[in-house]
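Remarks on the overall topology
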Amino acid sequence: MTGPLLPANLISLPVLPVCAALPELQAVLDAGRNAVLVAPPGAGKTTLVPLHLLQAPWREEGRLIVVEPRRVAVRGAAHRMAALLGEATGQTVGYRTRTDSAVSAATRIEVVTEGLLLRRLLTDPLLEGVSAILFDEVHERSLDLDTALGFALDLQRTMRPELRLVAMSATTDGRAFTSLLDGVLVESEGRAFALDIRHARRDIAALRELPDVMARTIRSLLAEEEGDILAFLPGVGEIRRCAAALADAPALIVPLYGELDTREQDLALKPAERRKVVLSTSIAETSLTVPGVRIVVDGGFARAPRLDAGSGLSRLETMRISRATATQRAGRAGREAPGIAVRLWTEATGRALIAHDLPEIQTSDLTGHCLDLAAWHEVMGTPPAAVPLLDTPPAGAFQAGCALLTALGALDEAEKITPLGAAMARLGAQPRLAAMMCAARTPPEKATAAALAALLEERDPLRPRIVPGQRSPSVPADIQTRLGLIEGAEHHPHADRASLARIRQSAQRYQKRLGLSQRLAPDPASAAALLAAGFPDRVAMAAGETGRYRLSGGGSARLSAIDPLARETLIVAPALHVRTATEICLAAPLDLDNLPATLLARTEDQVETALDTTTGNVIARRRLRLGNLVLRDRSAPAKPEEVQALLLSRIRADLAGSLAWSESCQQFRARLALARAHLDETLPAADDETLAATLDEWLLPYIDGMTKLSQIQALDLLPLLRQRLDYTQLKQLDQALPTSLILPGAQPAIDYRDATPTISARAQAFYGLKETPRIANGRIKLQFALLSPAGRPQAITADIAAFWTTGWADMRRDMRGRYPKHDWPENPATASPPPPRRRRDT
């Protein structure tokens, strides 16, 4: 691959499989089109494509930005390209990561992480001086990659049509980007080294067994095969346990994961004088070539962030890898020579693996993504829904992200970015951490916020040492202890020096972003107040047994009962871990009587009234609320209107049970219902639903000053109900449906509560009655209940004349024997009722 346009230091570039596809790729880009390059692992796309594009006429003096998914891949790719040119990094080829950089005015190829490109697009949206962006390993589908690619496409379509975009993938699913980029697919064949893929005879029974199974497999391969070994494990804990099990193995055991110091990472990526075993997380799946590797041992698991719908938190979840990832990993063994890939799962399990990993946009917390879209809308005018993305983010996760940003003050009610949100976006940190840093006002507070942000971004520097056969010691959750370690003022037997070094370096960068010209020590006393600004939903209040807390954002969390913070009433817990329950990993105590302004601004001071179900009294409490928490609860006087509203609300909810309905009230309501049905439907209704709906009209005027339900229950409701009818209506009701009926021997009350109005009286009261009276202007015939002298019902009839001739004889026969002193005539219709009984003088 040489030619007259190649610079002198490009002539000696190696010939790798991707070189065959370079003419087509260059032609596509020369024509002003976007391109999607699919080339398998080892084809040389990461290093050779950018170097060859240096000669492109359209590049002129512009830079080529190469985007890698991980920091170790950024440095590895830059070092490799610089070495091919015979230069040091920082000259023609440079790089930038969050932790370090090597660039100069001479740099023409700049390798960056996806996150850094995203931040650059938001601060310099036109990308002046950039001719092309090459997105490597796009098949990994990180959230930052999808977002940055969407912004770059929007920039190209609206402001920079001359900008070239290239998506490069090691797997065929990278072809999906062709439609998104409206580009041309260019494919490259890989190097066809033989690859011996071996499967385990049986699956690992439990994940905890993986490090030991991995160690035994590696020992066997060291004894039986040649070449360096690359082993894939899900996380740092498994790597450490496996390394401990291989302590006496005849090889150099080297860990490789993202949080390692750069010098330790370089040790894994450089040739060694002795045989080497690299124990790696998924960081070595793509972009990197680990020299000398002939054998890959794949544990079959990976650890990735997943959004927990119940808690609203992202948590690292260990899961089976996809078939595509297994292929990627196996390909690490065949990059330089024939290799062996040992898979620690059976062929049957392999067939059951999912085809591809889900893109991060479908499984992660989208708060940062929502803020980036809002910031892009502000600088470019493109609404979030118009940004071109390969996958639409899930509506629920997107709304949750916007809701959190609104709670943090980054978005307004219309979901437009606020000045605070713009400041948060410029800081280039996770939104919660950015909100916390923006809340810092004084230099000591800014230093503290910078240290806290760095701490929460990295792994906890206090991690218990795992000793085989011993129970892991507990580590206190107090975040102020970590601040002391960061400053170097304290020592702890479980402190991880490498983590502390990274945290200090990151804290210094954040101090510069916050405008601090010189390094300041953090002030632990301000930590809790700052954390509350970024984690208002993680303020936790003691609830029940020691170590149990309720969260202001909903739900609960727990802290070890022996933790020094477990007896604090109020804490803020920025780091939670979701297992079977939500566990508090890091926390700081808050003073309930001296809450920071950041929290007070979010509280609601309310006077809440309630009705004591036992006494019926109205109780008023003054409560200071923060989300789901009641921070303060004190008794307070209730306003008369609040008392009335509460009493009416209780009555309205249970009209029958809340008021004292006398017999006369019940009869009146029944008479009124009967009158509406048979006489005049315009009469006011008195059913439960109507009375509950009109309490303000007929009851409210009579309860002024009352504070207890018992006072209302003492009211005589009959006059209140009668007052709802005017004089004419009352007269009509009383005449047509009288409360009682004058009989020859008595004046008994009429019971209107039955379906048929009924008069109950001793049989003698009905003597002389020849026919059944009617009411409601003759429309309704009454029903009679004839009682014994003891008041027990003996007969019920709606036709008294017929009863005298049919049923009376049987009743008379029975009553004469039981009550001989009473008069039981043969024909009561013609008999005279007995005289009224005289009342005895007392």
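Conventions adopted
Along each chain, the written sequence defines residue order, and numbers are assigned to residues from 1. It should be noted that, the model being predicted, local features are given only for residues of pLDDT at least 70 and side-chain atom pairs only at 80 or more, the latter also being counted only at that level, while totals for whole chains, interfaces and linings use all residues. Excluding hydrogens and water, the side-chain values take into account all heavy atoms of the structure. Strands here mean DSSP runs of E at least two residues long; helices mean DSSP runs of H or I at least four residues long; both are numbered from the N terminus. Only protein chains enter the accessibility calculation, which uses a 1.4 Å probe; a residue is then buried when its area is under 20% of its type maximum, exposed when over 50%, and partly exposed in between. In this description, contact between two residues means that some pair of their heavy atoms is separated by no more than 4.5 Å. Methods summary: accessible areas were calculated by the Shrake-Rupley approach with a probe of 1.4 Å, and residue burial reflects only the protein chains presented. Within 6.5 Å between ring centres, the rings of Phe, Tyr and Trp (the latter by its six-membered ring) count as paired, and their orientation is classed by plane angle as stacked under 30 degrees, edge-to-face over 60, tilted in between. Cation placement over rings: the criterion is NZ of Lys or CZ of Arg within 6 Å of the ring centroid and within 35° of the ring normal. Definition used in this section: a nonpolar core is a set of buried Ala, Val, Leu, Ile, Met, Phe, Trp, Tyr and Cys residues joined via side-chain atoms within 4.5 Å. The pairing criterion for strands is at least two bridges between them, as found by DSSP. Where helices are involved, their axes are fitted lines through C-alpha atoms of the stretch in contact, as for all axes, and angles between N-to-C directions lie from 0 to 180°. Any carboxyl oxygen of Asp or Glu within 4 Å of a side-chain nitrogen of Lys or Arg constitutes a salt bridge here. Note on angle classes: values under 35 degrees are labelled roughly parallel, values over 145 roughly antiparallel, values of 65 to 115 roughly perpendicular, and the remainder oblique. All amino acids are sorted into three groups, where Ala, Val, Leu, Ile, Met, Phe, Trp, Tyr, Cys and Pro are nonpolar, Asp, Glu, Lys and Arg are charged, and the leftover types, Gly among them, are polar. For a helix, the expected span equals 1.5 Å multiplied by the residue count minus one.

- The name given to the chain in an unreviewed UniProt entry is RNA helicase, with the source organism recorded as Asaia bogorensis NBRC 16594.

1. Notes on the overall build of the chain
- Each helix and strand counted, the chain has 30 helices and 30 strands in total.
- Overall, the C-alpha framework of the chain stretches about 140 × 60 × 60 Å when taken along its three principal axes.
- Counting over 842 residues, the chain shows a buried share of 51%.
- For the chain, long-range pairs separated by at least 24 residues make up 66% of all intrachain contacts whose partners lie at least 6 apart in sequence.
- Accessible surface computed for the chain: about 38800 Å², of which carbon and sulfur atoms make up 49%.

2. Concerning the environment of lysine 270
- Relative to the elements of secondary structure, lysine 270 occurs in the loop between helix H9 (262-269) and strand S12 (276-280).
- For lysine 270, a relative accessible area of 51% puts it in the exposed group.
- In this structure the C-alpha to C-alpha distance between lysine 270 and glycine 292, which are 22 residues apart in sequence, comes to 8.9 Å.
- With sequence-adjacent residues up to four places away left out, lysine 270 is seen in contact with Lys276 and Pro291.

3. Observations regarding the packing of aromatic side chains
- Evaluated as defined, the whole model comprises 7 aromatic pairs.
- Taken together, a centroid distance of 4.4 Å and an interplanar angle of 5 degrees make the contact between phenylalanine 151 and tryptophan 376 stacked. A residue pair is termed long-range when its members are at least 10 positions apart, and phenylalanine 151 in helix H5 (residues 143-158) and tryptophan 376 in helix H12 (residues 367-380) qualify at 225 residues.
- According to the relative accessible area criterion, tryptophan 376 is buried, its value standing at 0%.
- The cationic tip of arginine 669 hangs over the ring face of tryptophan 661; the distance from NZ or CZ to the ring centre is 4.5 Å.

4. Quick look at the nonpolar core
- Of all hydrophobic cores here, the largest spans 99 residues; its most connected members are Leu117, Ile133, Phe135 and Leu181.
- Element by element, the count of residues in this core is highest for H5, at 8 residues.
- With residues near it in sequence (within four places) discarded, isoleucine 133 still touches Ile65, Val67, Leu117, Leu127, Ala152, Leu163, Arg164, Leu165 and Val166.
- Within the second largest apolar cluster, 63 residues are counted, among which are Cys665, Leu709, Ile759 and Tyr767.

5. Structural notes on the sheet that holds S12
- Ordered in space as S9-S16-S13-S10-S12-S11, the 6 strands form an open sheet in which the pairing is parallel. Sheet topology places strand S9 (195-199) and strand S11 (252-256) at the edges, where each strand pairs with a single neighbour. Direction aside, the axes of adjacent strands within the sheet are offset by 20 degrees on average.
- As judged from the 4 bridges shared by strand S10 (residues 228-232) and S12, these two strands associate in the parallel manner.

6. Remarks on the pattern of salt bridges
- Under the criterion given, the structure shown has 35 salt bridges.
- A salt bridge links aspartate 633 to arginine 623; its shortest N-O distance comes to 3.3 Å. Placement of aspartate 633 in strand S24 (residues 629-635) and of arginine 623 in strand S23 (residues 618-626) is noted, with a sequence separation of 10 residues between them.
- The class of aspartate 633 is partly exposed, set by a relative accessible area of 35%.
- Of the charged contacts in the structure, one is a salt bridge between glutamate 663 and arginine 753, with a shortest N-O distance of 3.2 Å. On the criterion of sequence distance, the pair formed by glutamate 663 in helix H23 (residues 663-678) and arginine 753 in the loop between strand S25 (750-751) and strand S26 (758-762) is long-range, its members being 90 residues apart.
- Classification of glutamate 663 by relative accessible area gives partly exposed; the value is 42%.
- Residue arginine 753 is classed as partly exposed on the basis of its relative accessible area, which comes to 43%.

7. Focus: the packing of helix H13 (residues 395-408) against helix H15 (residues 431-439)
- Orientation of H13 relative to H15, taken along the N-to-C sense of each, is 5 degrees, at an axis distance of 11 Å. What the angle tells us is that H13 and H15 run roughly parallel. Residues Leu404, Leu405 and Leu408 of H13 form the contact with H15, whose participating residues are Pro431, Arg432 and Ala435.
- In terms of residue class, the contact of H13 with H15 is made up of 5 nonpolar, no polar and 1 charged.

8. A word on helix H18 (residues 497-513)
- Here H18 spans 25 Å end to end across 17 residues, near enough to the 24 Å set by a 1.5 Å rise per residue.
- For H18, the full list of buried residues reads Ser499, Leu500, Arg502, Ile503, Ser506, Ala507, Arg509, Tyr510 and Gln511.
- Where H18 is buried, its residues contact helix H14 (419-427), H15, helix H16 (443-457) and helix H17 (479-487).
- Of the residues one or two after H18, glycine 515 is the one with positive phi, at around 85 degrees.

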